[in-house]
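Chain and residue survey
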Amino acid sequence: MKAAVVHSFGEPLTIEEVEIPEVGPDQILMKVEACGVCHTDLHAVSGDWPTKPRLPFVPGHEGVGFVVAAGKNVKIVKEGDRIGVPWLYTACGHCEQCRTGWETLCSKQETCGYSVNGGFAEFVLADPGFVGHLPNNVEFGPAAPLLCAGVTVYKGLKETEVRPGQWVVISGIGGLGHMAVQYAKAMGMDVVAVDIRPDKLQLAKKLGADLLVNASEEDPVAAIQREIGGAHGALVLAVAPRAFTQAVRMVRARGTVALVALPPGDFPLPIVETIMKRITIRGSIVGTRQDLFEALQFAGEGKVAAHFSWERLEDINNIFARLKQGTVEGRVVMRMN
């Protein structure tokens, strides 16, 4: 099968022919029809994080397609099912985190396209208990980004605890942010979109954002405090470290800030303001199987849709270059066949 392979961190990927993986008794094999490209993939191939993938490896955690083979013990999916293989590839199922519905925090979890080979290939193995089942009315192209961008922002919005009719700030209108605007509106929230690029803000407006703030032209904290008196919650998707400190100051008293983006280093926390305004700050990492089920339901009901462009697997190095430059609008989805 054809696959994009990482042999050395920070170096271009190579498109090669590799063996189709053998299906174990508890596994399934998916024929990949499409796979989205995420900024996390860029971190993976660059070796940016302390725990790095084992070389060589195949990235990709937004792969969608058909089940073409199932192991002898598999009962919950069948050949022909339309599925997606998400970042959360599998977890132990027995630890405290798994028992309490927080399998995304399992210390023994495997991650697709990172600790195990992923969807930048024509076929990928999967754990049938962790795949997403795609709504019949959602085609593969728009479905692919839901496997990471969609479920990640959906979970992050839930973590802000913003209720219908309240204000949420979405900081960073990229591959995740444009999905977050749609999920927030579908969940009944009023949305402030913050970015430094006018084209991304216009996309947010088209998707339903109620207030736009260009952080390159004005102080976003002052603008949000002036216009709405502070938001009830904030979701940080921008990779600029300053966005994190700004988000803490964008919320009103008792506001909650959910952190999703992963820039290197730390950010200064305004301690007095955090205490005096009783601000909650929490991390949010992808989403559980239930979150994925719910996120896919929104798409099946026509309430969210990925803004994406089709490209080829052979274009992956160019796609990564544009991701670094921040010039990708919405999401790129690679067609495998």
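I will try to describe carefully the structure that is included in this document. (Residues numbered from 1 in each chain as written. Predicted model: local features only at pLDDT ≥ 70, side-chain atom pairs only at ≥ 80, totals over all residues. Heavy atoms only, no water.)

1. Here we look at the overall build of the protein chain
Counting its regular elements, the protein chain contains 11 helices and 17 strands. Its C-alpha radius of gyration of 20 Å places the protein chain within 12% of the 20 Å reference for a compact globule of 337 residues. Its C-alpha atoms give the protein chain principal-axis dimensions of roughly 60 × 40 × 40 Å. Counting only residues that meet the buried cut, the protein chain has 56% of its 337 residues in that class. Expressed as a percentage of contacts within the protein chain between residues at least 6 apart in sequence, the contacts between residues at least 24 apart total 68%. Placing the 33 positive and 37 negative side-chain charges of the protein chain at their respective mean positions leaves the two points 5 Å apart. (Helix = DSSP H or I, 4+ residues; strand = E, 2+ residues; numbered from the N terminus. Rg over C-alpha atoms; globule rule 2.2 N^0.38 Å. Buried < 20%, exposed > 50% of the residue type's maximum accessible area, 1.4 Å probe, protein only. Contact = heavy atoms within 4.5 Å. Lys, Arg positive; Asp, Glu negative; His and termini not counted. Charge placed at Lys NZ, Arg CZ, Asp CG, Glu CD.)

2. Here's the deal with helix α8 (residues 242-250)
For α8, the buried fraction is high: 7 of the 9 residues fall into the buried class. Where α8 is concerned, the buried positions are A243, F244, T245, Q246, A247, V248 and M250.

3. Notes on empty space enclosed by the protein
All told, the structure shown has 1 cavity of 30 Å³ or more when counted by the stated rule. What lines the largest cavity is P86, W87, L88, F130, L147, V151, V286, G287, T288, R289 and L292. A breakdown of the residues in the lining of the largest cavity according to their chemical character gives 8 nonpolar, 2 polar and 1 charged. (1 Å grid on protein atoms, 1.4 Å probe; cavity = no way out; pocket = protein on both sides within 12 Å on 5 of 7 lines; lining within 4 Å. Points joined across faces, edges and corners; volume = space filled by probe spheres on them. Nonpolar A, V, L, I, M, F, W, Y, C, P; charged D, E, K, R; others polar.)

4. Some thoughts on unusual backbone geometry
Generally, phi is negative for residues other than glycine and the peptide bonds are trans, each holding for most cases. In this model, L55 is joined to P56 through a cis peptide bond whose omega is -15°. Within the secondary structure, P56 sits in the loop between α1 (39-46) and β4 (63-70). In this structure, E161 is a non-glycine residue whose phi angle is positive, near 60°. Tracing the chain through its elements places E161 in the loop between α4 (149-160) and β10 (167-171). Of note in this structure, R254 is not a glycine but carries a positive phi near 70°. Relative to the assigned elements, R254 resides in strand β14 (residues 251-259). With a relative accessible area of 63%, R254 lands in the exposed category.

5. Points about the nonpolar core
Membership of the largest hydrophobic core comes to 44 residues, with the highest contact counts inside it found for V37, F120, I316 and F320. With 6 residues, the single largest contributor to this core is strand β3 (residues 28-37). Those residues in contact with I316, other than ones at most four positions away along the chain, are A4, L13, I15, V37, F120 and M334. Listed in part, the 43 residues of the second largest apolar core include V138, A180, A204 and A258. (Core = buried A, V, L, I, M, F, W, Y, C linked by side-chain atoms within 4.5 Å.)

6. Looking at the packing of α4 against helix α10 (residues 289-300)
Put simply, α4 and α10 touch, their axes get as near as 9 Å, and they point 105° apart. Viewed along their axes, α4 and α10 adopt a mutual orientation that is roughly perpendicular. Contact residues: G150, V151, Y154, K155 and K158 in α4; D291, L292, E294, A295 and F298 in α10. Its residues placed into classes, the contact of α4 with α10 shows 5 nonpolar, 1 polar and 4 charged. (Axes fitted to C-alpha atoms, helices over the stretch in contact; angles between N-to-C directions. Parallel < 35°, antiparallel > 145°, perpendicular 65-115°, else oblique.)

7. Notes on the sheet that holds strand β13 (residues 231-236)
The strands that make up a sheet pair up through hydrogen bonds in the backbone, lying either parallel or antiparallel. An order of β12-β11-β10-β13-β14-β15 is seen for the 6 strands of this open sheet, with the pairing classed as parallel. Among the strands making up the open sheet, the edge pair consists of β12 (211-214) and β15 (280-283). With strand direction ignored, the average angle separating the axes of adjacent strands in the sheet is 20°. Pairing of β13 with β14 involves 5 bridges; the strand directions are parallel. (Pairing = 2+ DSSP bridges.)

8. Details of the layout of surface pockets
The calculated volume of the second largest pocket comes to roughly 280 Å³. For the second largest pocket, the lining is made up of 14 residues, of which E161, R163, H232, R254 and G255 are closest to its centre.

9. Structural notes on the packing of helix α7 (residues 220-228) against α8
In contact at an axis separation of 9 Å, α7 and α8 are set at 20° when each is read in the N-to-C sense. As summarised for this structure, α7 and α8 are arranged roughly parallel, according to the angle between their axes. Our pair here, α7 against α8, has a crossing hand that is right-handed. Counted together, P220, V221, I224 and Q225 of α7 and Q246, R249 and M250 of α8 form the full contact between these two elements. Partitioning the contact of α7 with α8 into residue classes produces 4 nonpolar, 2 polar and 1 charged. (Left-handed = near helix turned anticlockwise from the far one by under 90°.)

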